[in-house]
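Survey of secondary and tertiary structure
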Amino acid sequence: MGLLDGKNALIFGLANKHSIAWGITQVFHEQGARIGVSYAIPELEKRVVPLAEEVNADLIEMADVTDDDAIDHVFERAEEVFGTIDILVHSVAFAGRDELSGRYVDTSRDGFNRSLEISVYSLVALARRAEKLMPEGGAILTMTYYGSVAVMPHYNVMGVAKAALESSVRYLAYDLGEKNIRVNAVSAGPIKTLSASGVSGFRKLLNKHGEVAPLGKLVSQEDVGRAAAWLCSDWAGSVTGEILYVDAGYNILGMTVPREELS
Ligand code: NAP
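Since the structure is predicted, the reported quantities are computational estimates derived from the model, not experimental observations. (Residues numbered from 1 in each chain as written. Predicted model: local features only at pLDDT ≥ 70, side-chain atom pairs only at ≥ 80, totals over all residues. Heavy atoms only, no water.)

Some words on the site of the ligand
What counts is decided by this rule: Nearness of a residue to a molecule or strand requires only that one of the residue's heavy atoms be within 4 Å of it. Polar contacts, as counted here, are pairs of nitrogen or oxygen atoms within 3.5 Å of one another; within protein the pair requires one atom able to donate a hydrogen and one able to accept it, and residues that are adjacent in sequence qualify only if both atoms are side-chain atoms. Per-residue and other accessible areas were derived by the Shrake-Rupley procedure at a 1.4 Å probe size, with only the shown protein chains allowed to occlude residues. Lining residues are defined by having an atom within 4 Å of a point belonging to a cavity or pocket. Those points lie on a 1 Å grid over the protein atoms alone, cavities being sets where a 1.4 Å probe fits but cannot get out and pockets being open sets with protein on both sides within 12 Å along at least five of seven lines. More than half of a molecule's atoms lying within 2 Å of a cavity's or pocket's grid points is what places that molecule inside it. Each helix is a run of H or I in the DSSP string that is no shorter than four residues. Each strand is a run of E no shorter than two, and both are numbered from the N terminus. For this classification, Asp, Glu, Lys and Arg are treated as charged, while Ala, Val, Leu, Ile, Met, Phe, Trp, Tyr, Cys and Pro are nonpolar and the rest, including Gly, are polar.
Surrounding the ligand, one finds 28 residues, the nearest of these being S19, I20, I191, T193 and S195. Here an oxygen atom of the ligand sits 2.8 Å away from a polar atom, N or O, in the main chain of I20. In the environment of the ligand, an oxygen atom lies 2.5 Å from a nitrogen or oxygen atom belonging to the side chain of S195. When the ligand sits alone it has 870 Å² of accessible area, and the protein chains cover 91% of it. Judged by its atoms lying within 2 Å of the grid points, the ligand is housed in the largest pocket. Taken together, the elements giving at least two residues each to the shell around the ligand come down to β5 (138–144) and α6 (194–197). The biggest single contributor to the shell around the ligand is α6, with three residues. Split into classes, the residues belonging to the shell around the ligand amount to 19 nonpolar, seven polar and two charged.

Things to note about the sheet that holds strand β6 (residues 181–188)
Heads up, the rule is: Only when DSSP finds a minimum of two bridges between them are two strands counted as paired. To obtain an axis, a line is fitted to C-alpha atoms, over the contacting stretch when the element is a helix, and the angle between two such axes runs from 0 to 180 degrees between their N-to-C directions. The contact definition used throughout considers only heavy atoms, calling two residues in contact when any of these lie within 4.5 Å.
Here we have seven strands laid out as an open sheet, ordered β3-β2-β1-β4-β5-β6-β7, and parallel in their pairing. Sheet topology places β3 (59–62) and β7 (243–246) at the edges, where each strand pairs with a single neighbour. Pairs of neighbouring strands in the sheet enclose a mean axial angle of 20°, with direction left out of account. With five bridges joining them, strand β1 (residues 8–12) and strand β2 (residues 34–39) adopt parallel strand pairing. Residue pairing for β2: F12 is matched across the bridge by S38. Taken strand by strand, helix α3 (residues 68–82) contacts β1, β2, β3 and β4 (87–90), and its axis lies near 170° from that of β3.

Observations regarding the packing of helix α4 (residues 109–132) against helix α5 (residues 156–177)
The condition is simple: To sort the angles, those under 35 degrees are grouped as roughly parallel, those over 145 as roughly antiparallel, those from 65 to 115 as roughly perpendicular, and the leftovers as oblique. Crossing handedness follows the turn of the near helix against the far one: under a right angle anticlockwise gives a left-handed crossing, and clockwise gives a right-handed one.
Contact pair α4 / α5: the axes reach a minimum separation of 9 Å and the direction vectors enclose 20°. The orientation of α4 with respect to α5, classified from their angle, is roughly parallel. Viewed along their axes, α4 and α5 form a crossing whose handedness is right-handed. Contact residues: F112, S115, L116, S119, V120, L123, A127 and E131 in α4; V157, M158, V160, A161, A164, L165, S168, V169, L172 and L176 in α5. Residue classes in the contact of α4 with α5 are distributed as 14 nonpolar, three polar and one charged.

Notes on the pattern of salt bridges
For the record, the criterion: For this analysis, a salt bridge means a side-chain nitrogen from Lys or Arg found within 4 Å of a carboxyl oxygen belonging to Asp or Glu. Buried, partly exposed and exposed residues are distinguished by accessible area as a fraction of the type maximum, computed with a 1.4 Å probe on protein chains only: under 20%, between the cut-offs, and over 50%, respectively.
What the rule picks out here adds up to nine salt bridges. A salt bridge links K7 to D234; its shortest N-O distance comes to 2.9 Å. With K7 in the segment before β1 and D234 in the loop between α8 (221–231) and β7, this residue pair connects regions lying 227 residues apart in the sequence. Judged by its relative accessible area of 12%, K7 is buried. Given a relative accessible area of 60%, D234 falls into the exposed group. Between E222 and R226 there is a salt bridge; the shortest N-O distance is 3.0 Å. Taken together, the residues E222 and R226, both in helix α8 and four residues apart, mark about one turn of the helix. E222 sits in the partly exposed class, given a relative accessible area of 37%.

A closer look at the layout of surface pockets
To be explicit about the condition: Grid points are joined across faces, edges and corners, and a volume is the space filled by probe spheres set on the points.
Here the largest pocket defines a volume of roughly 1300 Å³. Put simply, the parts of the chain that give the lining of the largest pocket at least two residues each are β2, α4, β5, α5, α6 and α7 (202–212). The greatest single-element share of the lining of the largest pocket, amounting to four residues, is contributed by α6. Split into classes, the residues belonging to the lining of the largest pocket amount to 31 nonpolar, 13 polar and four charged.

Structure representation (structure tokens):
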């Protein structure tokens, strides 16, 4: 018996085997879900297709989330293949390298708009289409980071985007609640992925997290995948509008001092 037996899941944001979306996809597959995946650009096809085949994906479609026609095409294909869907995963974010170093105050207008469009508005655009394919209700999940709440050096415009994303989760949860569609986010601790590597000094941030987090470790793609599976399962049937921290407890700290330095 899998937690997601009989459910159809459409997952956006698979780039390669390091992607958080891949951790989620693997656990969803293990837990019995049928899988559809979407990736951003043609260059990713050679990495995404073999991964999608590993989990017997029924749908593999490319869509830049800034392109309404491309998104429409993915949902039309999802309707053809699955009829209805039960789960939508949004694991998509973007900020230019220039915006992920230096000071937030130097963020360009274009950089700000592009980051917010891809990282935040895309959730709204996908949720609106998913609603039509979830006549009996469903679960929508996005990925966020603690840089939304507190300053993480160089995270800059992404922190602002994640704050807007988390607020969007609450507004979408309100709007879609009457259709029995739940909307939640997982706030993951840092994981070494292509996107994360774009944040200047990310490696140091990663090391520090493992040193000071209450559980004394980093989180894995699988940790995030398991939490995501629970949130998207019927076991979380009364949970909506929430930001679930999967960060080895880092977010509860008031001061980030390694234990050894205190003894
Ligand atoms: P990732 O593997 O690079 O995934 C990010 C995905 O977003 C990629 O597939 C990327 O495609 C896609 N994307 C960017 N622009 C797009 C567009 N215009 N249209 C469609 N897709 C687009 O990195 P990840 O770390 O797994 O990121 C997944 C999510 O987790 C993001 O929301 C990220 O902010 C969040 N998160 C990550 C961490 C972490 O430490 N890694 C922690 C907390 C939250 P391209 O490769 O083509 O750009």
